[in-house]
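So you can see what is in the structure, the chains are spelled out below.
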Amino acid sequence: KAGVTQTPRYLIKTRGQQVTLSCSPISGHRSVSWYQQTPGQGLQFLFEYFSETQRNKGNFPGRFSGRQFSNSRSEMNVSTLELGDSALYLCASTPIPSTENTGELFFGEGSRLTVL
Amino acid sequence: AQKITQTQPGMFVQEKEAVTLDCTYDTSDQSYGLFWYKQPSSGEMIFLIYQGSYDEQNAAEGRYSLNFQKARKSANLVISASQLGDSAMYFCAMRGLGHTPLVFGKGTRLSVIA
């Protein structure tokens, strides 16, 4: 069974640009969550999608947005990039919304974004 | 709101020895779940073990066990017979009821020495 797939794995952008990251969940999983990981702030929750609807959102500015498609694949977008957006962006999937079960999240390897 | 505290930024352990990684948590929820994840240099978060707040027994999965002390709000991870491949970042996390996401601690970097 294929795991969570994130693309691209690495990317470099400059300030002011925008970026789109993609996440394909494990087959049959309908919930996708996104996390930002930085050395200073650690792992911070961005948002969660289930059945194409945003279920929960973390404390991030409106420059961070996401969506989920009917096949459960998800994308997140960051507009007007800032240096502080440099981070590892992790996607995780579960069969049902992560707040409604006690099962673990299944994570991808992440997309490492560097903003210059 | 939930909060996780991991007080050990880094730890060293000799190969084949046991090691305990500390985790304390804070929550007002009566029902919650506690998780430990391993993150090798590749970046992927690997689930290790889960403990429910109402579970009577401490969780155990292979070489991993969770020392759960509810009154002290601690959920320490014990790794027995450490292996070189155990060198990684380890994160404690928790989730309460309702629409609350998984909250992570800052992590502990474990280095296993041959």
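So, a few notes on the structure that sits alongside this text. (Residues numbered from 1 in each chain as written. Chains lettered and ligands numbered in written order. Predicted model: local features only at pLDDT ≥ 70, side-chain atom pairs only at ≥ 80, totals over all residues. Heavy atoms only, no water.)

## A word on the overall build of chain A
- Tallying secondary structure elements over chain A gives zero helices and 11 strands in all.
- Along its sequence from the N terminus, chain A presents helices and strands in the succession β-β-β-β-β-β-β-β-β-β-β.
- Against the globule reference of 13 Å for 116 residues, chain A gives a C-alpha radius of gyration of 13 Å, in line with a compact fold.
- Overall, chain A is about 40 × 25 × 25 Å in size when its C-alpha atoms are taken along their principal axes.
- Evaluated residue by residue, chain A yields a buried proportion of 51% over its 116 residues. (Helix = DSSP H or I, 4+ residues; strand = E, 2+ residues; numbered from the N terminus. Rg over C-alpha atoms; globule rule 2.2 N^0.38 Å. Buried < 20%, exposed > 50% of the residue type's maximum accessible area, 1.4 Å probe, protein only.)

## Description of the sheet that holds strand β7 (residues 64-68) of chain A
Residues and elements named next belong to chain A.
- Judged by pairing direction, the sheet is antiparallel, and its four strands sit side by side in the order β1-β3-β8-β7 without closing on themselves. Only two strands of the sheet have a single neighbouring strand rather than two, namely β1 (5-7) and β7. The mean inter-strand angle of the sheet, taken between neighbouring strand axes irrespective of direction, is 15°.
- Inspection of the sheet shows β1 paired to strand β3 (residues 19-24) by three bridges, in the antiparallel sense. From the neighbouring strand, glutamine 6 faces β3, where its bridge partner is cysteine 23. (Pairing = 2+ DSSP bridges. Axes fitted to C-alpha atoms, helices over the stretch in contact; angles between N-to-C directions.)

## Focus: the interface of chain B and chain A
- Opposite the 18 residues of chain B that make contact, chain A presents 23 residues.
- Between chain B and chain A, a total of about 1,700 Å² is buried, with carbon and sulfur atoms accounting for 51% of that surface.
- Where chain B meets chain A, there are zero salt bridges.
- Applying the counting rule to chain B against chain A returns six residue pairs in polar contact (both at pLDDT 80 or more).
- Elements supplying a minimum of two residues to the side of chain B that touches chain A: β5 (32-39), β6 (46-52) and β10 (88-96) of chain B.
- The leading source of residues in the side of chain B that touches chain A is β5 of chain B, at three residues. (Contact = heavy atoms within 4.5 Å. Buried area = accessible area lost by both parts, 1.4 Å probe. Salt bridge = Lys/Arg side-chain N within 4 Å of Asp/Glu carboxyl O. Polar contact = N/O pair within 3.5 Å; in protein donor to acceptor, adjacent residues only side chain to side chain.)

## Re the pairing of strand β8 (residues 64-69) of chain B
Residue and element names in this part refer to chain B.
- Going residue by residue along β8, you find Tyr64, Leu66 and Phe68 tucked away on one face and Ser65, Asn67 and Gln69 left uncovered on the opposite face.
- Bridge analysis of strand β7 (residues 60-61) against β8 gives two bridges, and the strand direction is antiparallel. When the bridges of β8 are listed, glutamate 61 appears paired with tyrosine 64.
- Linkage of β7 to β8, two consecutive antiparallel strands, is achieved through a turn of two residues, within which glycine 62 is found at a positive phi near 60°.
- Direction of pairing for β8 relative to strand β9 (residues 74-79): antiparallel, over a ladder of six bridges. Its bridge partner lying in β9, serine 65 is registered against valine 78.
- From the end of β8 to the start of β9, which pair antiparallel, there are four residues, and lysine 73 there has a positive phi angle of about 55°.

## Looking at the side chain of serine 82 of chain B
- Within the secondary structure, serine 82 of chain B is located in the loop between β9 and β10.
- Excluding residues within four positions of it along the chain, serine 82 of chain B makes contact with Val13, Gln14, Glu15, Lys16, Glu17, Val19, Arg63 and Val112 of chain B.

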